[in-house]
Amino acid sequence: MDAAAGGGECHAAQVVGADGEMDGAAMERFAAAAGLPSRGLSYAVVSILGPQGSGKSTLLNHLFGTSFTEMDALKGRHQTTKGIWIAKAVGIEPFTVVLDLEGTDGRERGQDDTAFEKQSALFALAVSDIVIINLWCHDIGREHAANRPLLRTVFQVLMRLFSPRKTTLLLVVRDKTKTPLEFLTQALKEDIQKIWDSVQKPEAYKEAALSEFFNVEVTALSSYEEKEELFKEQVGQLRQRFYHSIAPGGLAADRRGVIPASGFCLSALQIWKVIRENKDLNLPAHKVMVATVRCEEIANEKLRHFLSDKGWLELDAAVKSGPVLSFGSRLRAILDSYLSEYDMETMYFDEGVRTAKRQQLESSMLDHTYPALETVIEHLHVVVLNKFKSDLDQSLRSREGFAAAVRQCAQAAIGEFDAGLRDAVVKHVEWDASKVRNKLQDHIQTHVESVRNAKLAELKANYEKLLSDGLAGPVQSLLETGERDSWACIRRLYRRETENAALAFLASLSEFDLDQTMSSKMVSDLREHARSVVEMKSREEAGNVLMRMKERFFTVLSRDRDSMPRTWTGDEDLRTITREARLAALRLMSVMAAIRLDDKPDKIDRALITALLDGGPFSQKRSVEFTYDPLASSTWEEVSPRDTLITPVQCKSIWRQFKAETEYAVAQAMSMQEAHRRSKNLLPPAWTILLLAILGYNEFMFLLRNPLYLLGLFVAFVLSYAIWLQYDITVYFRHGTVSALLTILSRLLPTIMEIITAIVNMSHSQKKHSANRSHHPPPIHAQIFKNQTWGQGQVQYESPDSPSSSSSSVDSNNNGDES
């Protein structure tokens, strides 16, 4: 059995018994042993018809190397082959299945012979590619011996098969006589044509020619018994015609209706079953079955070829790496080629079956291409979306309106996407583009929302910065002034800047096509931002209120109404000035105590003056409108907690700290006034000066008569004046007369020596300068050295007891130098 499968001899098997029953198991065993199921479509089926005892089995054994049982002529002529036998041809390609049918016109069956003849003959025509009709040469022209009634019946039934498969009828003339083969061939073809013309045909094939269903071939063989060697030679020549019988132009004629080898056994079993069950031999059910099997096989084959198609594989690989132009047309061409091949190979099968299988094939191929199509659409989606983003960005950079730019770019993107879909989708698919288009529109809308939000955020930030720049600085400046109308000015500024910004912002929002609710909310948020800027700046300044109050106090205290520094001569009303300075500081705190962006009046200013400046809560001067301590609370009347910057309790605490830190400045001013009064009392009274002049007349005349004394007095005056300029004598005497005299005497001699040294150095420098004047001007470093020498000759004095005396001494020395 294994040898047979490999191409060696395989013993014949009976598949239809003498009782007319087919043995399906025997056929399956034969097919498995011969290796038939793996042959696909590369096989041929040959059967033989002829009278009983005409040498059919002998012919097949010599022609195909089979082992059918042959009749032994020595034992008499009798029926040898019963039923239908099957075998595999040896040494012939393609794989050839040989059917040996029971002979016709046999005496053993009697009346049942004609029924079985029709059944077996029709079976042979239904399953075979080549039907050999074995004829004795001397029976040509006879009615029954030449199987004319049998052929007439078979031809008539064949018209009802609805399966116009072309079969080769090979008429083998046995025991050829001297009659030329040409004449025999002509006679046989004329007989078969007459049989064809005489049969009743269905309307669809009424005008059909014999050649549409049969290829008629005629050959002749010499007598096997009389010319055995010649017979074998002729059989060998005939055998060559069976090589490559299924190739184009081969003996196997039309292969369009061939059943795959794996379904041959099932097909043969079903055909025989239908033939046996239908006495009129009508085979429409088998036609559908054969069409189903064959069309499905062809469809599977085309699908396999498509999946391994080089063009499709290259297209699929290209899709995975990026966008592919003309994907739909290229894929459509590939699909159409395989569908066209399917149509050509199934054109003679049942229309309903082949159409259904074609749809299945098309669906299967599209199922395999769908991932690639999805990838193409994803690439298209990404490309179109990125182009939309780029176009939108470019349009916005060109200052085009946002809404107009979005509409224009979105329409262009959807149009490009639709064009890409038409290019990508094949005609075989009823593609619903609404989902992928809606997905793209959703992504476009998401990007538009993102860009719109970013643009709106940027626009809002710009206007908020504009408001911050327009409000922060002016609000700070107005709060620092601390005037009564500061908040009125802030309100006017706030309303003007806010309204201008809101109108401009609303005009800018018009290009975004926002709904009224969103536009109103954004404008409201901008107004709220303006208020928050004012509030933030107010709270920031309120945090520095103590510093601002001290600055205001010191400014009013130390400068007059012309902003000139005050000189405390003792004639100023220090109490009034101090009150004015404190009142200015208090008004500043009143301004910073609360936010007054509304026009509601409040009593903060009056409450602070009454409680803190008019003698405190127990003062008799307190206004009658306050019957209690107005600062003994954590809230202000008529001021909401949100607008409160400094609570009354905090104001009280800040005022205490303010007074503590400014008391020293007031005390210092008072000390300066007292010192100025004392300095004016150093000169003696006028009457004392007059009395000295009268009593000292003689001494004055004595000095005039003696110039040396006068010169000595002048030198003493110069020294005294120099010492006066060097030291602040007044400051020394503030600490006591004895202490001042001791200090002066201890420093007198060193000072005199330094002055004399400086005078000598100046005289020496003057002479040297006069000697060199005629040659060149003195160098710059000499003048610098002179100034340094003069500066080193001066003595700076700092009182260890009074810090303020140092500055006074330095100021007086500087004044002396200037003089």
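The residue numbering used here restarts from 1 in each chain and proceeds along that chain's sequence as written. Local features are withheld for residues below a pLDDT of 70 in this predicted model, meaning they are given only at 70 or higher, and side-chain atom pairs are given and counted only at 80 or more; totals for whole chains, interfaces and linings count all residues. For the side-chain quantities, the full set of heavy atoms in the structure was used; hydrogens and water were omitted.

Going by what an unreviewed UniProt entry lists, the protein chain is known as Protein ROOT HAIR DEFECTIVE 3 homolog and is assigned to Urochloa decumbens. UniProt positions are given in the numbering used here, feature names are shortened, and annotations may be inferred rather than shown by experiment. Turning to the protein chain, the UniProt record has this under Function (unreviewed entry): "Probable GTP-binding protein that may be involved in cell development." Within the UniProt record for the protein chain, the comment given under Subcellular location (unreviewed entry) is "Endoplasmic reticulum membrane".

Colleague: Just to check I follow, could you spell out the overall build of the protein chain for this structure?
Modeller: Each helix is a run of DSSP H or I of at least 4 residues and each strand a run of E of at least 2, with the numbering of both proceeding from the N terminus. Of the regular secondary structure elements, the protein chain holds 27 helices and seven strands. For the protein chain, buried positions account for 42% of its 819 residues. Long-range pairs, those at least 24 residues apart, make up 72% of the contacts in the protein chain with a sequence separation of at least 6. For the protein chain, the exposed area adds up to about 44500 Å²; of that, 55% sits on carbon and sulfur atoms. Under the scheme applied here, a residue whose accessible area is under 20% of the maximum for its type counts as buried, over 50% as exposed, and between as partly exposed, the area being computed with a 1.4 Å probe on protein chains only. Here, two residues are considered to be in contact whenever any of their heavy atoms come within 4.5 Å of each other. All accessibility values rest on the Shrake-Rupley procedure with a 1.4 Å probe; residue burial counts only the protein chains present in the view.

Colleague: In this structure, what is going on with the sheet that holds strand β4 (residues 95-101)? I would like to understand it.
Modeller: Two modes of strand pairing occur in sheets, parallel and antiparallel, and in both the strands are linked by backbone hydrogen bonds. Spatially, β1-β3-β4-β2-β5-β6-β7 is the arrangement adopted by the seven strands of the open sheet, whose pairing is mixed. Strand pairing shows two members of the sheet lacking a second neighbour, β1 (13-16) and β7 (214-220), which therefore form its edges. Between one strand axis and the next, the sheet turns through 25° on average, direction left out of account. By the bridge criterion, four bridges tie strand β2 (residues 43-49) to strand β5 (residues 130-136) in an arrangement that is parallel. The residue bridging I48 from the neighbouring strand is I132, located in β5. Each of β1, β3 (84-88) and β4 touches helix α2 (residues 24-34); the most contacted strand, β3, lies at about 10° to it. The convention used is that axes are lines fitted to C-alpha atoms, helices contributing only their stretch in contact, and that angles between N-to-C directions extend from 0 to 180 degrees. Sitting on the sheet, helix α3 (residues 56-64) is in contact with β2, β3, β4, β5 and β6 (167-174), with an inclination near 165° to β4. The rule for pairing is simple: two strands pair if DSSP sees at least two bridges between them.

Colleague: Teacher, can you tell me more about helix α7 (residues 228-240) here?
Modeller: Think of an α-helix as 3.6 residues a turn; residues three or four steps apart then line up on the same face. Its 13 residues give α7 an end-to-end C-alpha distance of 19 Å, which sits within 8% of 18 Å, the value for a rise of 1.5 Å per residue. Here the buried face of α7 lies against α3, β6 and β7. Here a helix's expected span is defined as the number of its residues, less one, multiplied by 1.5 Å.

Colleague: Honestly, the packing of helix α15 (residues 486-509) against helix α16 (residues 516-543) in this entry has me stumped. Any pointers?
Modeller: Any two packed helices are characterised by the angle at which their axes cross and by the distance between the axes. Relative to each other, α15 and α16 sit at 150°, their axes nearing to 10 Å. Looking at the two axes, α15 sits roughly antiparallel to α16. Considering only the axes of α15 and α16, their crossing is right-handed. Across the interface between the two elements, W487, I490, Y494, T498, E499, A501, A502, F505, L506 and L509 of α15 pack against S519, M522, V523, L526, R527, A530, R531, V534 and S538 of α16. Polar here means any residue outside two lists: the nonpolar Ala, Val, Leu, Ile, Met, Phe, Trp, Tyr, Cys and Pro, and the charged Asp, Glu, Lys and Arg; Gly therefore counts as polar. Here the contact of α15 with α16 is composed, by residue class, of 13 nonpolar, three polar and three charged. Each angle gets one of four labels, with under 35 degrees taken as roughly parallel, over 145 as roughly antiparallel, 65 to 115 as roughly perpendicular, and the rest as oblique. The crossing is said to be left-handed when, going from far helix to near helix, the turn is anticlockwise and less than a right angle, and right-handed when the turn is clockwise.

Colleague: How should I be thinking about the UniProt feature "transmembrane region" (unreviewed entry) in the protein chain in this particular structure?
Modeller: The sites that UniProt annotates as "transmembrane region" (unreviewed entry) are residues 682-701, 708-727 and 739-760. In the segment residues 739-760, helix accounts for 100% and strand for 0%; the C-alpha atoms at its two ends are 32 Å apart.

Colleague: How do you make sense of the packing of helix α14 (residues 434-481) against α16 when you look at a structure like this?
Modeller: Interaxial distance between α14 and α16 falls to 9 Å at its minimum, and their mutual angle equals 30°. With respect to their mutual orientation, α14 and α16 come out roughly parallel. Handedness of the α14/α16 crossing: right-handed. Only M518, M522, D525, L526, H529, A530, V533, V534, K537, S538 and E541 of α16 make contact with α14, whose side of the interface consists of L456, K460, Y463, E464, L467, S468, L471, A472, V475, Q476, L479 and E480.

Colleague: What's the story with the side chain of R452 in this structure? I'm lost.
Modeller: Note on placement: R452 falls in helix α14. Once residues lying within four places of it in the same chain are set aside, the contact partners of R452 are F402, Q445, F512 and L514.

Colleague: Would you mind going over the pattern of salt bridges with me for this structure?
Modeller: Pairing between side chains becomes possible if they bear opposite charge and their charged atoms approach one another. By definition, a salt bridge exists where a carboxyl oxygen of Asp or Glu is found within 4 Å of a side-chain nitrogen of Lys or Arg. Summed over the entire model, instances satisfying the criterion amount to 32 salt bridges. With its nearest N and O atoms 3.7 Å apart, the salt bridge here joins E362 to R358. One end of the pair, E362, and the other, R358, are both in helix α12 (residues 351-397), four residues apart, so they sit about a helical turn from each other. Taking the relative accessible area as the measure of exposure, E362 reaches 15% and is therefore buried.

Colleague: Help me understand the confidence of the model for the protein chain, please; the structure alone is not making it clear to me.
Modeller: Parts of the model with low pLDDT should not have their predicted coordinates read in detail. The score called pLDDT rates the predictor's confidence residue by residue, from a low of 0 to a high of 100. This prediction gives the protein chain a mean pLDDT of 79; 80% of its residues lie at or above 70. Between residues 1-8, whose pLDDT stays under 50, and residues either more than four places distant or in other chains, the model counts 18 contacts. Note that residues 617-624 has pLDDT below 50 and, in this model, eleven contacts with residues that lie over four places away or in other chains.

Colleague: Would you mind going over the environment of V274 with me for this structure?
Modeller: For V274, the location among the structural elements is in helix α8 (residues 264-277). Classification of V274 by relative accessible area gives buried; the value is 13%. Along the primary structure V274 and F123 are separated by 151 residues, whereas in three dimensions their C-alpha atoms are 9.9 Å apart.

Colleague: Help me out: how do you make sense of a nonpolar patch on the surface in this one?
Modeller: On the surface, a cluster of nonpolar side chains totalling about 740 Å² of accessible area is made up of L711, F714, V715, F717, V718, Y721 and W724. You can see Y721 is positioned in helix α23 (residues 707-726). By relative accessible area, Y721 is classed as partly exposed at 42%. Only residues above 30% relative accessible area that lack a salt bridge enter a patch, with like-charged residues linked at up to 9 Å and the nonpolar side chains Val, Leu, Ile, Met, Phe, Trp and Tyr linked at up to 5 Å.

Colleague: Would you explain the packing of aromatic side chains in this entry?
Modeller: Each aromatic ring pair is characterised by the separation of its centres together with the angle its planes make. Between rings of Phe, Tyr and Trp, where Trp is taken as its six-membered ring, a pair exists when centres lie within 6.5 Å; planes separated by under 30 degrees are stacked, by over 60 edge-to-face, and by other angles tilted. Inspection of the entire model under this criterion finds 13 aromatic pairs. With a centroid separation of 5.3 Å and 45° between ring planes, the pair formed by W196 and F213 is classed as tilted. Here F213 lies in the loop between α6 (181-198) and β7 and W196 lies in helix α6, a separation of 17 residues in the sequence. In this structure, W196 and F213 share a single accessibility class: buried. Between the aromatic rings of F402 and F512, the centroid separation amounts to 4.9 Å while the plane-to-plane angle is 35°, which identifies the pairing as tilted. Placement of F402 in helix α13 (residues 402-424) and of F512 in the loop between α15 and α16 is noted, with a sequence separation of 110 residues between them.

Colleague: Can you help me understand unusual backbone geometry in this one?
Modeller: Excluding glycine, most residues fall at negative phi; most peptide bonds, likewise, are trans. The residue after E93, namely P94, is reached through a cis peptide bond having omega 10°. Among the secondary structure elements, P94 is positioned in the loop between β3 and β4. Its identity as a non-glycine residue notwithstanding, D513 has a phi of 55°, on the positive side. The residue D513 is located in the loop between α15 and α16 in this model. According to the relative accessible area criterion, D513 is exposed, its value standing at 52%.

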